[in-house]
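Each chain, written out:
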Amino acid sequence: MGDLDSIILHLQESLEMVNFKEPNDTILVTRPTLPELADVLAVLEHLWKSKRLTNSGALERLFEERLLSELGVIHVSFVTNGSLALQIACTALELEGQVITTPFTFPATINALYWNGLEPIFCDVEPERFTIDPGQIEALITPETTAILGVHLFGNPCEIVAIQDIARKHKLAIIYDSSHAFGVCAYEKPIAYFGDVSAFSFHATKLFHTFEGGALTFKNARQYEKCVIMKNHGIDSAGKFVFPGTNAKANEFQALIGLLLLQYTADEVANRRKCTELYHELLSDVEGLRLINVEQHVKHNYSYFPIEINQAIYKNGRDRLAKELKAANIQVKPYFSYLCSHIPLYKGLPSANPDRLPVAEKAAQQVLCFPLHSSLSLSSVERIGLEVKRILGSQRRINLE
Ligand code: T4K
């Protein structure tokens, strides 16, 4: 058997192993939607012939064009992943000093500050949707502050009007980590309309994905141009090295997947919405379990289904629920059980003091994300609802005994 044949056989075996890892009836927290393989193969054939794989190929340019209308912006740049999108956002805005941000996020948000030599100043989150609490931002502003970095967590927009007012008053830039907010609108405007820069993640676990990938949107042409140079090693369109850059270019295969998947986004959101509505029907009256409602001015994308378990009613309730659901073959994820203010490098900062972040600390113990994706059936949602009620019911009885 030739080397190639044995590699293919090995790959087939490994992929089957991965599939076998999850029992057939496990309900996973997320599943990527994929385009029809025949459509991928049809475009791949052209890609193979062209041999143009990266560095601003035809698919990337077309995808960026489509993203402009999808995201309702005037400048967009497709990049390797959401983490690099955030890092480049800070560089393009030429931030210095301190940035006020949320501790209740994925570490990529805060890592972007580290790689730009910026100090995070942690601000507590508000208790309804766990986005940065604008009521606490002003007290954290110092002469060193240059920006506010908010996260539209789980697809729920930050309090954008209040943040905008503070930023204007204190001449601060605004970056939004919009990794969870593809397709979201607020006050009838696309989410990227708000702030100076929005950074999106197109990771496989996201509502819209390109396997790995991300995008940056800008209002300001100079900042956008800086981003384009930055993602291409610091080389400008004339081929000159203008400043130290990085390689954050996405490739043609990623663009291909993105172009095809854009056709599926409306159905993706609609299916997730149906599951979300059923979750609400089934779980809204469970004592000590809080569901998050969509605000009136928001058109949501239903990217996640987070719930909050009241620890005062269920001791260690979130983790016990997650464990018991796992035993019932239901995968849930505690996004995020670890605050970024707990990161060893930052935990000594005055703003990382848990006493100053009570809502975020509580959220890290109480929030759990339930399965939500387009291939989730309504009968699976029903099964999850029943299991959750059964588990919390028995926890409640034990607590009362
Ligand atoms: N900002 C925020 C607010 C973010 O949430 C993230 C990423 C970023 C920035 C950075 O964006 P990127 O640089 O990643 O583009 C996931 C993702 O890896 C991460 O992208 C995401 N946030 C974070 C919240 O979650 P895990 O560790 O939960 O994923 P994983 O591999 O355990 O997957 C969960 C389940 O999904 C699997 O059990 C099965 C299913 N799955 C997953 C993958 C990757 C599939 O069916 N197929 C797949 O290919 O981290």
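Before reading on, note that the structure itself is shown above.
Predicted model only: the values in this text are computed from it and were never measured.

Student: Sorry, what's going on with the sheet that holds strand β10 (residues 289-291) here?
Tutor: Sheet strands associate in pairs through backbone hydrogen bonding, adopting either a parallel or an antiparallel arrangement. The three strands are arranged β10-β12-β13 in an open sheet whose pairing can be described as antiparallel. Every other strand in the sheet has two partners, leaving β10 and β13 (367-370) as the edge strands with one partner each. When strand polarity is set aside, the average angle formed by the axes of neighbouring strands in this sheet is 35°. With four bridges joining them, strand β12 (residues 305-309) and β13 adopt antiparallel strand pairing. Across the sheet, the residue bridging to I307 is L368, located in β13. Contacts from helix α9 (residues 265-283) reach β10, β12 and β13 within the one sheet, and its direction differs from that of β10 by about 145°.

Student: Looking at this model, I keep getting lost on the site of the ligand. Mind explaining?
Tutor: Around the ligand, the structure places 26 residues, and the nearest of them are R31, S83, D177, K333 and Y335. Between the ligand and the protein, one listed contact pairs an oxygen atom with a side-chain N or O atom of H180 at 2.8 Å. Summarising the interface, the protein chains cover 77% of the accessible area of the ligand, which totals 920 Å² for the free molecule. Of all the secondary structure elements, the ones that give two or more residues to the shell around the ligand are α4 (82-92) and α5 (107-114). Sort the elements by how many residues they give to the shell around the ligand and α4 lands first, with three residues. Taken together, the residues of the shell around the ligand break down into nine nonpolar, 13 polar and four charged.

Student: Just checking my understanding: could you explain the side chain of S178 for this structure?
Tutor: Positionally, S178 belongs in the loop between β5 (173-177) and β6 (185-186). Note on S178: relative accessible area 0%, which makes it buried. Looking at S178, its side chain comes within polar contact range of the side chain of S198, at 3.5 Å. With near-sequence residues (within four places) excluded, S178 lies in contact with H152, S198, A199 and F200.

Student: Any chance you could explain the sheet that holds strand β7 (residues 189-190) here in plain terms?
Tutor: Taking strand neighbours across the sheet as the criterion, the three strands line up as β7-β6-β11 in an open arrangement whose pairing is antiparallel. Single-partner strands in this sheet number two, and they are β7 and β11 (298-299). With two bridges connecting them, β6 and β11 associate as antiparallel partners. Note that in β11 the partner of A186 across the bridge is V298.

Student: For this particular structure, what's the right way to read the pairing of β12?
Tutor: Side chains on a regular strand alternate between the two faces of the sheet. Across the five residues that make up β12, a large majority, five, are buried. Side-chain alternation along β12 places F305, I307 and I309 on one buried face and P306 and E308 on a second face that is also buried. Bridge count for β10 against β12 is three bridges, and the pairing is antiparallel. Counterpart to L291 in the pairing with β12 is I307.

Student: Mind showing me how you'd approach the packing of aromatic side chains here?
Tutor: Scanning all chains against the criterion turns up 23 aromatic pairs. Both rings, one in F182 and one in F208, keep their centres 4.5 Å apart while their planes meet at 15°; by these two values the pair is stacked. A residue pair is termed long-range when its members are at least 10 positions apart, and F182 in the loop between β5 and β6 and F208 in the loop between β8 (197-201) and β9 (214-218) qualify at 26 residues. Under the relative-accessibility criterion, F182 is labelled buried at 4%. Looking at F208, the relative accessible area reads 2%, which means it is buried. It is K219 that lies over the ring of Y193; its NZ or CZ is 5.6 Å from the centre. When the ring centre of F243 is taken as origin, the NZ or CZ atom of K226, which lies over that ring, is 4.9 Å away.

Cut-offs applied
Residues numbered from 1 in each chain as written. Predicted model: local features only at pLDDT ≥ 70, side-chain atom pairs only at ≥ 80, totals over all residues. Heavy atoms only, no water. Pairing = 2+ DSSP bridges. Helix = DSSP H or I, 4+ residues; strand = E, 2+ residues; numbered from the N terminus. Axes fitted to C-alpha atoms, helices over the stretch in contact; angles between N-to-C directions. Contact = heavy atoms within 4.5 Å. Near = heavy atom within 4 Å. Polar contact = N/O pair within 3.5 Å; in protein donor to acceptor, adjacent residues only side chain to side chain. Areas by Shrake-Rupley, 256 points an atom, 1.4 Å probe, with all protein chains shown as cover. Nonpolar A, V, L, I, M, F, W, Y, C, P; charged D, E, K, R; others polar. Buried < 20%, exposed > 50% of the residue type's maximum accessible area, 1.4 Å probe, protein only. Phe/Tyr/Trp six-rings, centres within 6.5 Å; stacked < 30°, edge-to-face > 60°. Lys NZ or Arg CZ within 6 Å of the ring centre and 35° of its normal.

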